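Per-entry structural report
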Amino acid sequence: IMKDTSRSPIRAFMLNVTCSLLFQPRLVSEEFTSLLRIKQSGRKPNMKIDAPILQAFRKLMVDAGISKPHISKYVMSYISVGWLGHKDDKENTGMAAIPYRLDIAQLLIHKEERLVKSAAHQEGLVKSYDEGDYAVLPEGVS
C-alpha cells in the first residue's frame, strides 16, 4: 500500500498509523506470552508464523536500511513503548523485548548513511561579505 502512494505526507501518515496499530504494548506482550507458551510446551516456535509483530518490525527496519532514518525513527518510537509492555502488567515490564534481543544488539551498532562530503554544504567554503555570500571553489574547479 505504501509503495502505491507518491506523496510523502501520505506515506508518513500511513507509516505512523501502521506502527501505532502494530506495536501496541498489549499486542507485543501477547506475542511474547504466546511465544513463551510454545516454548514451555516443548515445541520450537516458527517465528514467521508465531511472531507476526517481530516479522513486521524486521521488515520495516530492513526497508529503512541506512538511508531512510525517518522510517526507523517511527518504528523505534512505537516498538520501544511496546517492549515495555502494558501498564497493567508491571511485573512483566520489558519482558516483551526478549525476542528482539538480537535486533536490539544490531540497533546498538546501527549507523545511518552519511552524506557524501562533496554533496554536503560545507560552512568553510562560504565566505560572507557586505555585497553578499559566495562560494570559494577548490583549486582545479572552474
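Since the structure is predicted, the reported quantities are computational estimates derived from the model, not experimental observations.

**Some words on the overall build of the protein**
- Within the protein, the secondary structure is distributed over six helices and two strands.
- Across the protein, helices and strands are ordered from the amino to the carboxyl terminus as α-α-α-α-α-α-β-β.
- Of all intrachain contacts in the protein linking residues separated by at least 6 positions in sequence, the fraction that spans at least 24 positions is 54%.
- When the accessible area of the protein is evaluated, it comes to approximately 10,800 Å², of which 57% is carbon and sulfur surface.

**Let's talk about the pattern of salt bridges**
- This model, assessed by the stated rule, comprises two salt bridges.
- The salt bridge partner of Asp103 is Arg58, with a shortest N-O separation of 3.1 Å. Here Asp103, found in helix H6 (residues 101-109), pairs with Arg58, found in helix H4 (residues 52-64); they are 45 residues apart in sequence, far enough to count as distant.
- For Lys59, the salt bridge goes to Asp63, with nearest N and O atoms at 3.1 Å. Of this pair, Lys59 and Asp63 both sit in helix H4, four residues apart, roughly one helical turn.
- The class for Lys59 is partly exposed, based on a relative accessible area of 48%.
- Under the relative-accessibility criterion, Asp63 is labelled partly exposed at 33%.

**Side note on the packing of aromatic side chains**
- Under the criterion given, the structure shown has four aromatic pairs.
- When the ring of Phe57 is compared with that of Tyr100, the centres are 5.4 Å apart and the planes differ by 80°; the resulting orientation is edge-to-face. With Phe57 in helix H4 and Tyr100 in the loop between helix H5 (69-84) and H6, the pair connects residues that are 43 residues apart, well separated along the chain. Residues Phe57 and Tyr100 agree in their burial class; the two are buried.

**What about the layout of surface pockets?**
- As a volume, the second largest pocket reaches approximately 260 Å³.
- If you trace the second largest pocket, you find it lined by Phe32, Leu35, Leu36, Lys39, Pro45, Met47, Arg58, Ile98, Pro99, Arg101 and Leu102.
- Counting only elements with at least two residues in the lining of the second largest pocket, the list comes to helix H2 (25-40) and H6.
- It is H2 that provides the largest number of residues to the lining of the second largest pocket, a total of four residues.
- Grouping the amino acids of the lining of the second largest pocket by side-chain chemistry returns eight nonpolar, no polar and three charged.

**What about the nonpolar core?**
- Grouped together as the largest cluster of nonpolar side chains are 20 residues, with contacts concentrated most on Phe23, Val28, Phe57, Val75, Ile79, Trp83 and Tyr100.
- Contributing elements (two or more residues each) for this core: helix H1 (8-22), H2, H4 and H5.
- The leading source of residues in this core is H4, at six residues.
- In this structure Tyr100 touches Val28, Glu31, Ile53, Leu54, Phe57, Ile79 and Trp83, once residues within four positions along its chain are discounted.

Criteria and thresholds
Residues numbered from 1 in each chain as written. Predicted model: local features only at pLDDT ≥ 70, side-chain atom pairs only at ≥ 80, totals over all residues. Heavy atoms only, no water. Helix = DSSP H or I, 4+ residues; strand = E, 2+ residues; numbered from the N terminus. Contact = heavy atoms within 4.5 Å. Areas by Shrake-Rupley, 256 points an atom, 1.4 Å probe, with all protein chains shown as cover. Salt bridge = Lys/Arg side-chain N within 4 Å of Asp/Glu carboxyl O. Buried < 20%, exposed > 50% of the residue type's maximum accessible area, 1.4 Å probe, protein only. Phe/Tyr/Trp six-rings, centres within 6.5 Å; stacked < 30°, edge-to-face > 60°. 1 Å grid on protein atoms, 1.4 Å probe; cavity = no way out; pocket = protein on both sides within 12 Å on 5 of 7 lines; lining within 4 Å. Points joined across faces, edges and corners; volume = space filled by probe spheres on them. Nonpolar A, V, L, I, M, F, W, Y, C, P; charged D, E, K, R; others polar. Core = buried A, V, L, I, M, F, W, Y, C linked by side-chain atoms within 4.5 Å.

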